[in-house]
Amino acid sequence: MIVEDYGVLDMAGGWSKSVPVDSFAWRKLPVDEDGIAVAYYWASEWPSPQAVNQAFLKIVAEEGYAVFTDKEVTWAFVPYWAGVDIIFPSSQERDEFVNAHRDLLAPHPSDL
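Residues numbered from 1 in each chain as written. Predicted model: local features only at pLDDT ≥ 70, side-chain atom pairs only at ≥ 80, totals over all residues. Heavy atoms only, no water.

Draft legend 1. The arrangement of the overall build of the protein chain in detail. Tallying secondary structure elements over the protein chain gives two helices and six strands in all. Going through the 112 residues of the protein chain one by one, you find that 25% of them count as buried. Sequence separation of 24 or more characterises 36% of the internal contacts of the protein chain that already satisfy a separation of 6 or more. For the protein chain, the accessible surface area stands at approximately 8,100 Å², while carbon and sulfur atoms represent 58% of it. (Helix = DSSP H or I, 4+ residues; strand = E, 2+ residues; numbered from the N terminus. Buried < 20%, exposed > 50% of the residue type's maximum accessible area, 1.4 Å probe, protein only. Contact = heavy atoms within 4.5 Å. Areas by Shrake-Rupley, 256 points an atom, 1.4 Å probe, with all protein chains shown as cover.)

Draft legend 2. Structural context of the packing of aromatic side chains. According to the stated counting rule, one finds three aromatic pairs in the structure shown. Measuring from ring centre to ring centre gives 6.1 Å for Phe56 and Phe77, while their planes differ by 70°; the resulting arrangement is edge-to-face. Highlighted residues: Phe56 in helix α1 (residues 49-60) and Phe77 in strand β5 (residues 76-80), separated in sequence by 21 residues. Owing to a relative accessible area of 28%, Phe77 belongs among the partly exposed residues under this scheme. A network of ring pairs unites the aromatic residues Phe56, Phe68 and Phe77 as a single cluster. (Phe/Tyr/Trp six-rings, centres within 6.5 Å; stacked < 30°, edge-to-face > 60°.)

Draft legend 3. Just the layout of surface pockets, in detail. Roughly 310 Å³ of internal volume is contained in the second largest pocket. Those elements giving two or more residues to the lining of the second largest pocket turn out to be β2 (24-30) and β4 (66-69). Classifying every residue of the lining of the second largest pocket by side-chain character gives nine nonpolar, two polar and three charged. (1 Å grid on protein atoms, 1.4 Å probe; cavity = no way out; pocket = protein on both sides within 12 Å on 5 of 7 lines; lining within 4 Å. Points joined across faces, edges and corners; volume = space filled by probe spheres on them. Nonpolar A, V, L, I, M, F, W, Y, C, P; charged D, E, K, R; others polar.)

Draft legend 4. Main features of the environment of Ala66. Tracing the chain through its elements places Ala66 in strand β4. Separated by 23 residues in the primary sequence, Ala66 and Ala43 have C-alpha atoms spaced 9.3 Å apart. When sequence neighbours within four positions are dropped, the list of residues in contact with Ala66 reads Met1, Ile2, Val3, Ile59, Phe77, Val78 and Pro79.

Draft legend 5. Spatial organisation of the pairing of β5. With two bridges connecting them, β4 and β5 associate as antiparallel partners. Within the sheet, the bridge partner assigned to Phe68 lies in β5 and is Phe77. The loop that links β4 with its antiparallel partner β5 comprises six residues; one of these, Val73, has a positive phi angle of about 55°. In this structure, β5 lies alongside strand β6 (residues 83-87), joined through five bridges in antiparallel fashion. Looking at the pairing, Pro79 lines up with Val84 of β6. What sits between β5 and β6 in their antiparallel hairpin is a turn of two residues. (Pairing = 2+ DSSP bridges.)

Draft legend 6. Highlighting the pattern of salt bridges. For the structure on display, the rule yields two salt bridges. Here Lys71 and Glu45 are joined by a salt bridge, their closest N and O atoms 3.2 Å apart. With a gap of 26 residues between them, Lys71 in the loop between β4 and β5 and Glu45 in the loop between β3 (38-43) and α1 connect regions that are remote in the sequence. Salt-bridge contacts for Arg94 lead to Asp95; the nearest nitrogen and oxygen are separated by 2.9 Å. (Salt bridge = Lys/Arg side-chain N within 4 Å of Asp/Glu carboxyl O.)

Dropping the structure here:
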């Protein structure tokens, strides 16, 4: 599980710290061309089921953001308050999922 947070100069700073995760500093990246605003990424290799459930509740309440993936980052499950993004390891696996779960697709073809 990877949790994103922002630095003290950003009004959104600290919002994901409420997502309970036994984490380590994974990345620090600028989010603007001036390098003033910074995003921090904290990762946990083996979050407990309770931590995952708590993260989902915080995400749905718009109080945090997390990405769930494997250790090699070959796929990603990215929930957010209005839905979920899923990044598959291959186009074949994506197509198999889409064909098996057409009811989850957006009703309009131009929607993502």
